[in-house]
Amino acid sequence: MIRRGYHILAVLGLAIVLAGTQATARRGAEAPPGAEVLTGMMLVATPEMMDPRFRETVVFMVNHNRDGAMGLIVNRVIGKMELHKLLRGFGVKRTGIKGSVRVHYGGPVEPRQGSILHSADFLRDETVLVTRDVALTRDINILLDIAGDKGPRKSLVTLGYSGWAGGQLENELKRKDWYVVPADTDIIFDDRFDTKWKRAMAKRGVDL
């Protein structure tokens with residue numbers, strides 16, 4: 001898990017990435033062509049998981065095809081920041097902004113890359129709709145929407161992501177590193193972080 005001392009530097013990195021990201025998906029786009037069954041599912045680390053970066057993690061899968069896979073860990077928190085301070089770190093100075101957001105560790109790949117995983121009740125032109133209920137946006141303006149109570153009902157701000165090359169995740173599944181379970185928006189977005197892994201584990205008996 002990322003050290004808390006890294007928090008401020010990581011947040012500044014998030015500002016750089018979000019401000020410069022050029023989205024390729026159109027508003028309301030469906031899952032990318034060629035997406036396979038794990039897109040929109042959750043990976044749950046098994047008790048046998050040896051990699052400390054993923055021990056007792058729950059990963060929401062954003063994309064999976066023959067070329068590789070990408071997901072976001074949803075149960076590791078870096079820290080909590082007030083929205084006006086977070087926006088100030090992005091160079092956006094606004095008065096009267098209230099509320100705060102938690103910044104999460106999405107995975108070990110590109111730790112300065114920021115993503116906002118959120119409910120699909122809110123879509124921007126840059127948003128990728130992963131499932132009917134969950135979307136992904138990489139644009140700083142969504143934070144302004146959240147600050148103004150115009151954003152998604154549920155959201156998760158992440159730094160870094162979990163990525164696999166083609167065939168790598170399949171090998172990990174064969175090695176019994178992961179269970180695959182249906183996505184659950186309560187597990188993805190709620191604040192009961194200490195129980196997310198156990199709750200996700202309880203879903204492994206569900207027929208897929």
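Preceding block: the structure.
Model, not experiment: these values are computed from the prediction.

Here's the deal with helix α6 (residues 193–201)
Taken together, the buried positions of α6 are occupied by F193, K196, W197, R199, A200 and M201. Check the buried side of α6 and you find it contacts β1 (41–45), β2 (58–65), β4 (77–82), β5 (100–105), β10 (178–182) and α5 (185–189).

Quick notes on the environment of L123
With respect to the helices and strands, L123 occurs in the loop between β6 (109–119) and β7 (128–129). Each C-alpha atom of the pair L123 and I142 lies 9.3 Å from the other, and the pair is 19 residues apart in sequence.

Examining unusual backbone geometry
Excluding glycine, residues mostly have negative phi values, and the peptide bonds linking residues are mostly trans. Located in the positive-phi region is E110, a residue other than glycine, with phi close to 45 degrees. Its place among the elements puts E110 in strand β6. E110 sits in the partly exposed class, given a relative accessible area of 43%. Positive phi, close to 55 degrees, is recorded for D149, a residue that is not glycine. Looking at the element boundaries, D149 is found in the loop between α3 (141–147) and β9 (155–165).

Examining the pairing of β6
Here β6 pairs with β9 via six bridges, running antiparallel. When the sheet's bridge partners are listed, S115 is paired in β9 with T158. As paired elements, β6 and strand β8 (residues 134–137) share four bridges and run antiparallel to each other. Note that in β8 the partner of H118 across the bridge is A135.

Some words on the nonpolar core
In terms of nonpolar packing, the biggest core is built from 37 residues, with F60, L117 and W178 touching the most fellow members. If one sorts the elements of this core by residue count, β2 sits on top with five residues.

Details of the pattern of salt bridges
Summed over all chains, the structure comprises ten salt bridges. Among the salt bridges present, the one from D184 reaches K203, with a minimum N-O distance of 3.8 Å. On the criterion of sequence distance, the pair formed by D184 in the loop between β10 and α5 and K203 in the segment after α6 is long-range, its members being 19 residues apart. For D190, the salt bridge goes to R192, with nearest N and O atoms at 3.4 Å.

Concerning the environment of H84
Here H84 lies in helix α2 (residues 83–89). The class for H84 is partly exposed, based on a relative accessible area of 22%. H84 sits ten residues away from R94 along the chain, and the two C-alpha atoms are 7.0 Å apart.

What counts, and at which threshold
- Residues numbered from 1 in each chain as written.
- Predicted model: local features only at pLDDT ≥ 70, side-chain atom pairs only at ≥ 80, totals over all residues.
- Heavy atoms only, no water.
- Buried < 20%, exposed > 50% of the residue type's maximum accessible area, 1.4 Å probe, protein only.
- Helix = DSSP H or I, 4+ residues; strand = E, 2+ residues; numbered from the N terminus.
- Contact = heavy atoms within 4.5 Å.
- Pairing = 2+ DSSP bridges.
- Core = buried A, V, L, I, M, F, W, Y, C linked by side-chain atoms within 4.5 Å.
- Salt bridge = Lys/Arg side-chain N within 4 Å of Asp/Glu carboxyl O.

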